[in-house]
Protein chains: 2
Amino acid sequence: MLEVKAATIQTSPVFGAIQENLHTALDLIPKNCDLVVLPELFATGYQFISRQEALAVAEDVTCRKGDNPICDRLDSLAAERNMTIVAGLAERSGDSLFNSSVLFHPDGSHGVYRKVHLFLDEKLIFDPGDLGFPVFKACGTTLGMMVCFDWIFPEAARSLALSGAEILCHPSNLLLPWCPAAMITRSQENRVFSLTSNRIGREDRTGAPAEFIGMSQIVSPQGELLSRLGSDGEGAAEATLRIVEQDKMLTPSNDLWDDRRPDQYRL
Amino acid sequence: MLEVKAATIQTSPVFGAIQENLHTALDLIPKNCDLVVLPELFATGYQFISRQEALAVAEDVTCRKGDNPICDRLDSLAAERNMTIVAGLAERSGDSLFNSSVLFHPDGSHGVYRKVHLFLDEKLIFDPGDLGFPVFKACGTTLGMMVCFDWIFPEAARSLALSGAEILCHPSNLLLPWCPAAMITRSQENRVFSLTSNRIGREDRTGAPAEFIGMSQIVSPQGELLSRLGSDGEGAAEATLRIVEQDKMLTPSNDLWDDRRPDQYRL
């Protein structure tokens, strides 16, 4: 059986303090991890007041080395520790700007997911994701990414799981208190691990104060809470994920994939 | 604003004791309800040992008056109290046999949903549902039905909500403890009321003992638990549902229907 040592990191980023935020987050990564998930926009902070402001710190993940302080640092760390890192960041691509989650392979290559469902004022800043819900081979298995508010749309986790994801990596800046419980259901209904990495703290740059709920967690395909942090305090939630590939058998008679009946659904 | 006085009934049926089970269940219905939901297979009990045994007590809901002890009784009560009743029963249709939920309108007409996702040995007894997830006008609004194990497939509640259901009626004989929490997520992700009517007690007719978890509940579109029963004891969970038709606005910027992006999903 494949075992993946995983951690989700919970931080309290200071808006705009990229080097400080990077330092704090990377310092919290446990030794000997195979997979680590960092929060949405973990290095820049969340409440951009304009698209221009976000573009100024957005990174083009296709550029190698140089002007990408966040990607360069994560590339180096992934290589150094032979570790897969998933992290949320503002992504520039031509004239477009996405709220993305980037997968940093130890070999220096990247996987990208662009947030499909934008929350509140993110709609004023970012373009909606245009890559669907891709999955990536990593850590000897298959990973998918979704970002924060994607949790409320069951189609997000479903799309990833149907494409073969065994682990959902879920960088977040959660405001609504409903998500931690809902992600247990997402794990159960898709029989996948889910790793939610959320931030704590508060931002108030737009006149609409945002209080982030923390509660970063790791959930098993059976919905067991393997680890969960609280709402105050930075830290790392850790667990060893024991992966049985494409095990969708809920009961001896119920394979959740075979039991699906798309001909009966309205979608 | 439309108000619907609703109740979900929790009973402990005795296998095969149809008249006794009917009496117990109907006796628990509060006065002046607009809508009441009864459990799956509430009048017959759950663990049929053969298709033949189930066929012997299954009812053809298209037959009017006569040999249908369950439907006839519910027809009469719906008319008498000017109430809509949703109840789970074994349904015969030609040579087919379904684990169905039937909606009894006060005017004597019926709506039928046939359980799409069969659990465990139900697959040996019943045919899988063939009507999709239809919705029905009732109580001045739109109702949908799903039965027990349908909860784990997000497509079930989603299909009903996309077809306009404001209230999900969910007759159940739940064994897994995960469902009550999951139905809160189903309500939140679809912004609909959900009414789960579950049984308690135990059956052991097949060598695989079944312990039913109760916890019948009523959940608001925001995921508030308006009423929930425990795991022991019969009773009625009651709530007044204040319905705002097709209100999918989670935030001033997030209409959960407009935000869906089927072009990005794999389904």
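Criteria and thresholds
- Counting of residues starts from 1 at the beginning of each chain's written sequence and follows it residue by residue.
- Each chain takes a letter, starting from A, and each ligand takes a number, starting from 1, following the order in which they are written.
- Totals for whole chains, interfaces and linings use every residue, but because this is a predicted model, local features are given only for residues with pLDDT of at least 70 and side-chain atom pairs only at 80 or more, for both listing and counting.
- As a rule here, side-chain values cover all heavy atoms of the structure and leave hydrogens and water aside.
- Throughout this description, buried means an accessible area under 20% of the type-specific maximum (1.4 Å probe, protein chains only), exposed means over 50%, and partly exposed covers the range between.
- A helix here means a DSSP run of H or I that spans at least four residues, while a strand means a run of E at least two residues long, and both kinds are numbered starting from the N terminus.
- For two strands to be treated as a pair, DSSP must find at least two bridges joining them.
- Here an axis means a line fitted to C-alpha atoms, over the contact stretch when the element is a helix, while the angle between two N-to-C directions is reported on a 0 to 180 degree scale.
- Here the angle decides the label: under 35 degrees means roughly parallel, over 145 means roughly antiparallel, 65 to 115 means roughly perpendicular, and every other value means oblique.
- Two helices that cross are described as forming a left-handed crossing if the nearer one is turned anticlockwise from the farther one by less than a right angle, and a right-handed crossing if clockwise.
- We call two residues in contact whenever any of their non-hydrogen atoms come within 4.5 Å of each other.
- Each residue is assigned to one class: nonpolar for Ala, Val, Leu, Ile, Met, Phe, Trp, Tyr, Cys and Pro, charged for Asp, Glu, Lys and Arg, and polar for all the others, Gly among them.
- Here the quantity called buried area is the total loss of accessible area, with a 1.4 Å probe, experienced by two parts when brought into contact, counted for both.
- Salt bridge, as used here: a side-chain nitrogen of Lys or Arg that lies within 4 Å of a carboxyl oxygen of Asp or Glu.
- Within 3.5 Å is the distance limit for a polar contact, defined as a pair of N or O atoms, with the added protein rule that one can donate a hydrogen and the other accept it, and that residues adjacent in sequence qualify only through two side-chain atoms.
- The least-squares superposition of copies is restricted to C-alpha atoms, and to residues with a pLDDT of at least 70 in both copies.
- The set of buried Ala, Val, Leu, Ile, Met, Phe, Trp, Tyr and Cys residues whose side-chain atoms join them within 4.5 Å is what this entry labels a nonpolar core.
- Confidence of the predictor at the level of single residues is given by pLDDT, which spans 0 to 100.
- If you view a crossover with the strands going away from you and the path from the first strand over the helix to the second runs clockwise, you call it right-handed.
- Only Phe, Tyr and Trp rings are paired, with Trp represented by its six-membered ring, and only when their centres lie within 6.5 Å; those with planes under 30 degrees apart are stacked, over 60 edge-to-face, the remainder tilted.
- A ring is scored as having a charge over it whenever the NZ atom of a lysine or the CZ atom of an arginine sits within 6 Å of its centre and within 35 degrees of its normal.

Residues and elements named next belong to chain B. The buried count for strand β4 (residues 96–104) comes to 8 of 9 residues, which makes it a mostly enclosed element. Two successive antiparallel strands, strand β3 (residues 84–93) and β4, enclose a turn made up of 2 residues, where Gly94 displays a positive phi of approximately 60 degrees. The sheet contact formed by β4 and strand β5 (residues 110–114) spans 5 bridges and is antiparallel. Bridged to Ser100 within β5 is Arg114. Between β4 and β5, which pair antiparallel and follow one another directly, the connecting turn spans 5 residues, one of which, Gly108, has a positive phi of 95 degrees.

Turning our eyes to something else, we now look at the packing of helix α1 (residues 18–27) of chain B against helix α3 (residues 69–81) of chain B. Residues and elements named next belong to chain B. Where α1 contacts α3, the two axes come as close as 11 Å, and the packing angle between them is 25 degrees. Relative to α3, the element α1 lies roughly parallel. In this structure, α1 meets α3 at a crossing whose hand is right-handed. Judged by residue contacts, Ile18, Gln19, Leu22 and Leu26 of α1 engage Pro69, Ile70, Arg73, Leu74, Leu77 and Arg81 from α3. Broken down by class, the residue content of the contact of α1 with α3 amounts to 7 nonpolar, 1 polar and 2 charged.

Before going further, it helps to examine the interface of chain A and chain B. In this complex, chain A contributes 44 residues to the contact, which on the side of chain B involves 43 residues. Summed over both sides, the interface between chain A and chain B buries roughly 4,000 Å², with carbon and sulfur atoms accounting for 58% of that surface. Counting across the interface, chain A meets chain B through 8 salt bridges. Across the salt bridge formed by Lys123 of chain A and Asp259 of chain B, the nearest N and O atoms sit 2.6 Å from each other. Put simply, chain A and chain B have 26 residue pairs in polar contact (both at pLDDT 80 or more) between them. Each residue belonging to the side of chain A that touches chain B can be placed in one class, and the counts come to 21 nonpolar, 12 polar and 11 charged.

Right, let's get into the relation of the copies chain A and chain B. Placing chain A over chain B gives an RMSD of 0.0 Å and needs a rotation angle of 180 degrees, together with 0.0 Å of translation along the axis. The superposition of one copy onto the other is thereby described by a two-fold rotation axis.

Let's shift gears to the sheet that holds strand β2 (residues 35–37) of chain A. Residue and element names in this part refer to chain A. One open sheet accounts for 6 strands, arranged β5-β4-β3-β2-β1-β14; its pairing is mixed. The outermost strands of the open sheet, each flanked by one partner alone, are β5 (110–114) and β14 (235–243). Averaged over all adjacent pairs, the angle separating strand axes in this sheet is 30 degrees, with direction ignored. In this sheet, β2 lies alongside strand β1 (residues 2–10) in parallel orientation, the contact comprising 3 bridges. Within β2, the residue paired with Thr8 across the bridge is Val37.

The subject of this paragraph is the nonpolar core. For soluble globular proteins, the rule of thumb is that nonpolar side chains tend to be buried together. Counting 121 residues, the largest nonpolar core has Leu241 of chain A together with Leu35 and Leu241 of chain B as the members making the most contacts within it. When sequence neighbours within four positions are dropped, the list of residues in contact with Leu241 of chain B reads Leu2, Glu3, Val4, Ala6, Ile167, Phe193, Leu195, Ile218 and Leu226 of chain B.

The share of residues in chain A with pLDDT of 70 or more is 100%, and the mean pLDDT across the chain is 97. For this predicted complex, the interface confidence score (ipTM) comes to 0.97, while the overall pTM stands at 0.98.

All names here are of chain B. Of all 5 residues that make up strand β7 (residues 141–145), 5 are buried, and the element is covered over most of its length. Connecting strand β6 (residues 135–138) to the antiparallel partner β7 that follows it, the hairpin turn spans 2 residues, and Cys139 within it adopts a positive phi of roughly 55 degrees. Bridge count for β7 against strand β8 (residues 167–171) is 3 bridges, and the pairing is parallel. Bridge assignment links Met145 to a residue of β8, and that residue is Cys169. The parallel pair β7 and β8 is bridged by helix α5 (residues 154–162), and the resulting crossover is right-handed.

For any two aromatic rings, the description comes down to two numbers: the centre-to-centre distance and the angle of the planes. For the structure shown, the criterion picks out 14 aromatic pairs over all chains. Ring geometry for Tyr46 of chain A versus Phe212 of chain A: centroids 5.7 Å apart, planes at 80 degrees, classification edge-to-face. Here Phe212 of chain A lies in the loop between β11 (210–211) and β12 (217–219) and Tyr46 of chain A lies in the loop between β2 and α2 (51–57), a separation of 166 residues in the sequence. For the pair shown, Tyr46 of chain A and Phe212 of chain A are each scored as buried. Where Tyr265 of chain A meets Phe133 of chain B, the ring centres are 6.3 Å apart and the plane angle is 35 degrees; that geometry is what we call tilted. Here the residue Tyr265 of chain A occupies a position in the segment after β16 (254–255), and Phe133 of chain B occupies one in the loop between α4 (122–125) and β6, the pair thus bridging two chains. The same class applies to Tyr265 of chain A and to Phe133 of chain B, which are both buried. Above the ring of Trp257 of chain B, the side-chain terminus of Lys248 of chain B is found at 4.6 Å from the ring centroid.

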